[in-house]
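Structure assessment
The chain contents come next:
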Amino acid sequence: MPTTRLRPSRDGGPAVPFRRELRAFLAAHHPGRPPKAAGDRLRFERDWAAVLADAGWAAPGWPKEWGGMDLPAGLQLVYHQEMAQARAPAHPSPNSFIVGPALLRYGTPEQKERFLRPIVRADELWCQGFSEPEAGSDLPALRTRAVRDGDGYVVTGQKVWTSRATEADWMFTLVRTGPPGSGADGITYLLVDMASPGLTVRPLRDMTGGAFFAEVFLDAVRVPVERRVGDENGGWAVARTSLGHERSTSRVALAVRYRRVVDELFRLARTLGRADEPVVRQELARLEADVRLLALTFARVGAAVTRGEEPGPASSVSRLHLARFEQRLHELAVSLCGPAGMLDPTAADAPEGGRWTWGFLKTRASTIGAGTAEIQRTTIAEQVLGLPREPPA
Ligand SMILES: Cc1cc2nc3c(=O)[nH]c(=O)nc-3n(C[C@H](O)[C@H](O)[C@H](O)COP(=O)(O)OP(=O)(O)OC[C@H]3O[C@@H](n4cnc5c(N)ncnc54)[C@H](O)[C@@H]3O)c2cc1C
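This one's a predicted model, so the numbers in the text were calculated from it and none came from an experiment. (Residues numbered from 1 in each chain as written. Predicted model: local features only at pLDDT ≥ 70, side-chain atom pairs only at ≥ 80, totals over all residues.)

A few points about the site of the ligand
Around the ligand, the structure places 20 residues, and the nearest of them are F130, G136, S137, G369 and T372. Every element with two or more residues in the shell around the ligand is listed here: β1 (126-129), β3 (152-163) and α11 (373-384). Each of two domains, domain 2 (126-235) and domain 3 (244-384), supplies a minimum of three residues to the shell around the ligand. (Near = placed C-beta within 6 Å. Helix = DSSP H or I, 4+ residues; strand = E, 2+ residues; numbered from the N terminus. Domains from an automatic or database assignment.)

Remarks on the packing of helix α9 (residues 314-337) against helix α10 (residues 355-362)
The contact between α9 and α10 brings their axes to 8 Å, and the two run at 140 degrees. What the angle tells us is that α9 and α10 run oblique. Relative to α10, α9 is oriented so that their crossing is left-handed. Counting all contacts with α9, which are made through H330, E331, A333, V334 and C337, the residues of α10 involved are W356, T357, G359 and F360. Counted by class, the contact of α9 with α10 contains five nonpolar, three polar and one charged residues. (Axes fitted to C-alpha atoms, helices over the stretch in contact; angles between N-to-C directions. Parallel < 35°, antiparallel > 145°, perpendicular 65-115°, else oblique. Left-handed = near helix turned anticlockwise from the far one by under 90°. Contact = placed C-beta atoms within 7 Å. Nonpolar A, V, L, I, M, F, W, Y, C, P; charged D, E, K, R; others polar.)

Section: the nonpolar core
If you look at soluble globular proteins, the nonpolar side chains tend to sit buried side by side. Membership of the largest hydrophobic core comes to 47 residues, with the highest contact counts inside it found for W126, V155, M171, L190 and V192. The element contributing the most residues to this core is strand β7 (residues 213-224), with six residues. Among all residues touching M171, those that are not within four sequence positions of it are W126, C127, G129, A165, V192, M194 and V216. Judged by nonpolar contacts, the second largest core, of 29 residues, contains A73, A253, F325 and W356. (Core = buried A, V, L, I, M, F, W, Y, C linked by C-beta atoms within 7 Å. Buried ≥ 20, exposed ≤ 12 C-beta atoms within 10 Å, placed from the backbone.)

Comments concerning helix α3 (residues 73-85)
Spanning 13 residues, α3 covers 18 Å between terminal C-alpha atoms, matching the ideal 18 Å at 1.5 Å per step. Summarising burial for α3: 10 of the 13 residues are buried, a large majority. Directly after α3, the chain includes R87, whose backbone phi takes a positive value near 55 degrees. (Expected span 1.5 Å × (residues − 1).)

What about the pairing of β7?
Two strands pair when backbone bridges link them, and β3 and β7 are joined in this way by nine bridges, in the antiparallel orientation. Note that in β7 the partner of K159 across the bridge is V216. Relative to β7, strand β6 (residues 199-204) is paired through six bridges, and the arrangement is antiparallel. Bridging across to β7, T200 finds its partner in F217. (Pairing = 2+ DSSP bridges.)

Examining the environment of A55
Inspection of the secondary structure assignment puts A55 in the loop between α2 (38-54) and α3. Using a count of 11 C-beta atoms within 10 Å as the deciding quantity, one classes A55 as exposed. Measuring from C-alpha to C-alpha, the distance between A55 and L139 comes to 39 Å, with 84 residues separating the pair along the chain.

Topic: the domain arrangement of the protein chain
Each assigned domain of the protein chain is listed here: domain 1 (15-92), domain 2 (126-235) and domain 3 (244-384). For domain 1 versus domain 3, the separation of C-alpha centres amounts to 23 Å. Listed as interface residues are 13 residues of domain 1 and, on the opposing side, 12 residues of domain 3. When grouped by side-chain class, the residues that make up the side of domain 1 that touches domain 3 number seven nonpolar, six polar and no charged.

Quick look at the structure:
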């Protein structure tokens, strides 16, 4: 049984018995450290998701009817905090918690029955097929075409940067059903079986050496009409469904995790004998401020959802801060390692198993995925600060 770092709770109200009960569950069932090999790790995470679901400790923000816990936002925050402090494995399919809220809001009873419980138990994994070679930031320009044919759609086109497509069973995707140039008004939201004839996944290798995303080619793929979510040409509203309180409150887990990583970076600086260098001390102090700000910006989003509000464009502030923080953290770690920081992360003598160099390479993408830093800055400027609108390109 792993050790969990538990601190005495200072909360009042229902959080105290809830925290106690969750800690007792984790003390009894925590599966320990995950295996290193990717395939074994995925199996381990799926098994844990099923254990949580079967015991009623999964999807804290979802209705009980669909395998969730129906917790108020305040207890969702406690849940994610405790899970992170105990280093409990994460759900293996983050995309499932993007499609899930869309199904909860727009799905037919049959779709909810068919998909929601397998999402919670990780019996089925999902990928998100939105971006295309000519449509990323400007998503309404997407061109993958779906033509109605009897009781289904015939889909032809290409998606790109589709994370975890190689392991996914299903893809939620946006396709054009309106005429070319119909923008956001001609888009439909479909659920595509990744085993469909005509669908090909081609993994893309990134600079870490891993293949975490892929190109997905659709060549006359047949999708039954009952796999459409929402109305034909009404997919944009479905895609913009609030990401759900669960995703906002789960951010608190990241703040706990990064607090730990910053402490580990301090330890690295001391181990390498560099913690007394004035410039290093200055950078470490800045990171310390950054990690505290990270917790505060997530807490601000968490407080909004606890009050029953949508986090709105302010979540762009936490998202942008997170992206730059992750990059600065790893830039400092690699520079502390000196020439050894340049070693391939898989090299036998890469410092600390290559984790910092791997993180440095991986976080280059933080300011691109899920909305680029430039797009986040425009949202903050226009919708948070009320500055004049960006002129159209
Ligand atoms: C690690 C990672 C995982 C991803 N996973 C997925 C996934 O699972 N599913 C999926 O669908 N997509 C995924 N993506 C794709 C991601 O959503 C897009 O990369 C992102 O939306 C940017 O689109 P793009 O790459 O086409 O760049 P573009 O939109 O072509 O942008 C190119 C550059 O121009 C800038 N730019 C564009 N428009 C403006 C503007 N209006 N104002 C100012 N600057 C602008 C951008 O900031 C960027 O610097 C992933 C990307 C990454 C990096």
